[in-house]
Amino acid sequence: MHLHLVSFDVPYPPDYGGIIDVYNRVCTLSAAGVKVHLHCYAYGRAEAPELANICEEVHYYPRETGWRHQFDRRPYIVASRCSQALLQRLRCDNYPIVLEGLHNAFVLEQLAPEGRKIAVRAHNVEHDYYLGLAQAEPVAWKRWFYRIEARKLRRYEPVLRQATLVMAVTDEDARHFKELGCNEVVQVTSFHGHTTVESRSGRGEYVLYHGNLSVIENRQAAIYLLDNVFPNTEIPLVIAGRNPDNVLQERVAQCPNVQLVSNPDDDTMRRLIREAHVNLLVTAQPTGLKLKLLNALYEGRHCLVNSAMLSGTPFAEVCHVADTPEAQRETLQRLMQQDFSEEELAHRTCLLQHTAAASLQWLQYLA
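Starting afresh in each chain, residues are numbered from 1 along the sequence in its written order. Note on the predicted model: pLDDT of at least 70 is required for a residue's local features to be given, and 80 or more for side-chain atom pairs to be given and counted; whole-chain, interface and lining totals, by contrast, use all residues. Heavy atoms throughout the structure, all of them, feed into the side-chain values; hydrogens and water do not.

1. Details of the overall build of the chain
Link 1 in the chain: Scanning the chain for helices and strands turns up 14 helices and 13 strands.
Link 2 in the chain: Only C-alpha atoms enter the radius of gyration, while the globule expectation follows 2.2 Å times N to the 0.38, with N the number of residues. Here the C-alpha atoms of the chain give a radius of gyration of 21 Å, agreeing with the 21 Å that 2.2 N^0.38 yields for 367 residues.
Link 3 in the chain: Considered along the principal axes of its C-alpha atoms, the chain spans approximately 60 × 45 × 40 Å.
Link 4 in the chain: For the chain, the proportion of contacts with a sequence separation of at least 24, taken over those separated by at least 6, is 65%.
Link 5 in the chain: Of the accessible surface of the chain, which amounts to about 16,000 Å², a share of 48% is contributed by carbon and sulfur atoms.
Link 6 in the chain: The sign given to each residue is positive for Lys and Arg and negative for Asp and Glu; His and the chain ends receive no count. For the purpose of locating charges, the reference atoms are NZ of Lys, CZ of Arg, CG of Asp and CD of Glu. In the chain, 37 side chains carry a positive charge and 43 a negative one; their mean positions are 6 Å apart. Secondary structure counts use DSSP, requiring at least four H or I residues in a row for a helix and at least two E residues in a row for a strand, with both numbered from the N terminus. Residue contacts are defined here by distance: any two heavy atoms, one from each residue, within 4.5 Å place the two residues in contact. Methods summary: accessible areas were calculated by the Shrake-Rupley approach with a probe of 1.4 Å, and residue burial reflects only the protein chains presented.

What follows is the structure, given as structure tokens:
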């Protein structure tokens, strides 16, 4: 089977949430014998020769950024990805197409009326995601941009009704797209690159919070933990992630039981996750599926999360859930005295294997 896959960014290196999903989907398709014709919008990331080893062919297109797209009827994330060269290549054959995100729906506008089979991977409900960014953003002009983009995304979203298939990440997202009137909607968990559960039973010495700390949602989560969960406790906390700002660095320096690991490489991050006794993950945004949760479940011991982190996922039964600072602190104190058992590991392994087994069933809609 040949398949075009259009990515919103260059999916290598796979070093942030959405692009990790794209890269591992390409790898999984290739390993299953699908010949992937990959198309990438390049902006700020170099062309990646590594992708040629897993794809039938790879093409790159410039993303046309700039303020003029603010005046387009389409959302900025779409208007800046309208390559005529891409359309010309896609029209050279009749292979089915997978579009990564609403970002690439310009292709859907143009080719769905011509009868092409097109699936859209919806990484979240985009207008909800951008509203969340607006609420968290302290800079006025950025708040304005996110709110305008959220309104445009809500108006533009019905274009998904033209897709053959929409692949949602969570149950709640799937319900949303069904209510929107999309033709076919299936839930497909994120492609994360894990093939086996590598969690270890026993006990670690610290609590870990990890995430991309250049993202305001994650920085705010880390500061929430410092302000509300870890004061007046001697439990060791490690905060790890990319590009923490000066504010977070200064706050950590004031906490004797907290360590900040900035820009850890993949091996270091995996070691931190595996050796932690508790992976503590909280978020204010119940949108999409957080890949860091899957990383913690596949490689870590106890997982303590809030309800928003689990939103729309089947993983509640293998996590500890607490939503208030008091409940989170009490649960941490209990878990630090409790081994991660072989029985818990076996239950988690069974659930994750069952979830992963359906990862390519959506291909039947494009055959």
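There's more to say after this.
2. Considering the pattern of salt bridges
Link 1 in the chain: Any carboxyl oxygen of Asp or Glu that lies within 4 Å of a side-chain nitrogen of Lys or Arg is treated as forming a salt bridge with it. Here the structure, examined in full by the defined rule, presents 17 salt bridges.
Link 2 in the chain: With a shortest N-O distance of 2.6 Å, glutamate 114 and arginine 91 are connected by a salt bridge. Of this pair, glutamate 114 sits in the loop between helix H4 (105–111) and strand S5 (118–122) while arginine 91 is found in the loop between helix H3 (84–90) and strand S4 (97–100), placing the two residues 23 residues apart along the sequence.
Link 3 in the chain: Judged by relative accessible area, arginine 91 falls into the partly exposed class, the value being 40%.
Link 4 in the chain: Glutamate 198 is the partner of arginine 270 in a salt bridge, and the nearest nitrogen-oxygen pair spans 3.3 Å. Summary of the burial criterion: residues with accessible area below 20% of their type's maximum are buried, those above 50% are exposed, and those between are partly exposed, where the area comes from a 1.4 Å probe applied to protein chains only.

3. Points about the pairing of strand S8 (residues 207–210)
Link 1 in the chain: Residues Val207 and Tyr209 line one face of S8 and the alternating positions Leu208 and His210 line the opposite face, and both faces are buried.
Link 2 in the chain: Of the strand pairs in this sheet, S8 and strand S9 (residues 237–241) are connected by four bridges, and their pairing is parallel. Paired with tyrosine 209 across the two strands is isoleucine 239, which belongs to S9.
Link 3 in the chain: Handedness of a crossover: with both strands directed away from the viewer, a clockwise path from the first strand across the helix to the second marks it as right-handed. For the segment spanning S8, helix H8 (residues 216–229) and S9, crossover handedness is right-handed.
Link 4 in the chain: Summarising the sheet, S8 and strand S11 (residues 278–281) pair through two bridges and their orientation is parallel. Residue leucine 208 lies in a different strand from S11, and its bridge partner there is asparagine 279. Here, any two strands with at least 2 DSSP bridges between them count as paired.

4. Quick notes on the sheet that holds S11
Link 1 in the chain: On the basis of which strands lie adjacent, the open sheet formed by six strands has the order S10-S9-S8-S11-S12-S13 and parallel pairing. Edge positions in the open sheet fall to strand S10 (258–262) and strand S13 (320–321), since each of these has one partner strand only.
Link 2 in the chain: Axis definition: a line fitted to C-alpha atoms, limited for helices to the stretch in contact. Angles are taken between N-to-C directions and run from 0 to 180 degrees. Running over the sheet, helix H11 (residues 291–299) touches S8, S11 and strand S12 (302–305) and is turned about 170 degrees from S11.

5. Side note on the pairing of S5
Link 1 in the chain: With five of five residues buried, S5 lies mostly within the body of the structure.
Link 2 in the chain: In S5, alternate side chains face the same way, and those of Ile118, Val120 and Ala122 on one face and Ala119 and Arg121 on the other are all buried.
Link 3 in the chain: In terms of strand pairing, S4 meets S5 through four bridges, oriented parallel. From the neighbouring strand, isoleucine 97 faces S5, where its bridge partner is isoleucine 118.
Link 4 in the chain: Chirality of the crossover, the property in question, places the unit of S4, H4 and S5 among those that are right-handed.
Link 5 in the chain: Across four bridges, the pairing between S5 and strand S6 (residues 165–168) is parallel. From the neighbouring strand, arginine 121 faces S6, where its bridge partner is methionine 167.

6. Here's the deal with the side chain of arginine 348
Link 1 in the chain: Looking at the secondary structure, you find arginine 348 in helix H14 (residues 342–356).
Link 2 in the chain: One buried charged residue, arginine 348, forms no salt bridge at all, with the nearest opposite charge on glutamate 344 at 6.9 Å.
Link 3 in the chain: Whenever a nitrogen or oxygen atom comes within 3.5 Å of another N or O atom, the pair is scored as a polar contact, on the condition that within protein one atom can donate a hydrogen and the other can accept it, and that pairs from neighbouring residues in sequence are kept only if both atoms are in side chains. A polar atom in the side chain of arginine 348 sits 3.0 Å from the backbone oxygen of leucine 297.
Link 4 in the chain: Ignoring any residue separated from it by four or fewer positions in sequence, one finds arginine 348 in contact with Ser199, Ala296, Leu297, Gly300, Arg301, His302, Cys303, Val318 and Phe340.

7. Some words on the sheet that holds S6
Think of a sheet as strands paired side by side through backbone hydrogen bonds, with each pair either parallel or antiparallel.
Link 1 in the chain: Strand order in the open sheet formed by seven strands is S3-S2-S1-S4-S5-S6-S7, with parallel pairing between adjacent strands. Strands at the two margins of the open sheet, each flanked by one partner only, are strand S3 (57–62) and strand S7 (185–187). Sheet twist, expressed as the mean angle between neighbouring strand axes with direction ignored, is 20 degrees.
Link 2 in the chain: Running over the sheet, helix H1 (residues 17–31) touches strand S1 (2–7), strand S2 (35–42), S4 and S5 and is turned about 170 degrees from S1.

8. Overview of the environment of aspartate 245
Link 1 in the chain: You can see aspartate 245 is positioned in the loop between S9 and helix H9 (246–253).
Link 2 in the chain: Here the side chain of aspartate 245 touches arginine 219 through a polar contact of 3.2 Å, side chain to side chain.

9. Concerning the packing of aromatic side chains
Link 1 in the chain: Aromatic contacts are taken between Phe, Tyr and Trp rings whose centres are within 6.5 Å, Trp giving its six-membered ring; a plane angle under 30 degrees counts as stacked, one over 60 as edge-to-face, and the others as tilted. Counted by the stated rule, this structure contains six aromatic pairs.
Link 2 in the chain: When the centroid spacing of 6.0 Å and the interplanar angle of 45 degrees are considered together, the rings of tyrosine 41 and tyrosine 61 count as tilted. Remark: tyrosine 61 occurs in strand S3 and tyrosine 41 occurs in strand S2; sequence separation between them is 20 residues. Neither residue differs from the other here; tyrosine 41 and tyrosine 61 are each classed as buried.
Link 3 in the chain: Among the aromatic residues, those joined into a ring-pair cluster are Tyr76, Tyr129, Tyr130, Phe145 and Tyr146.

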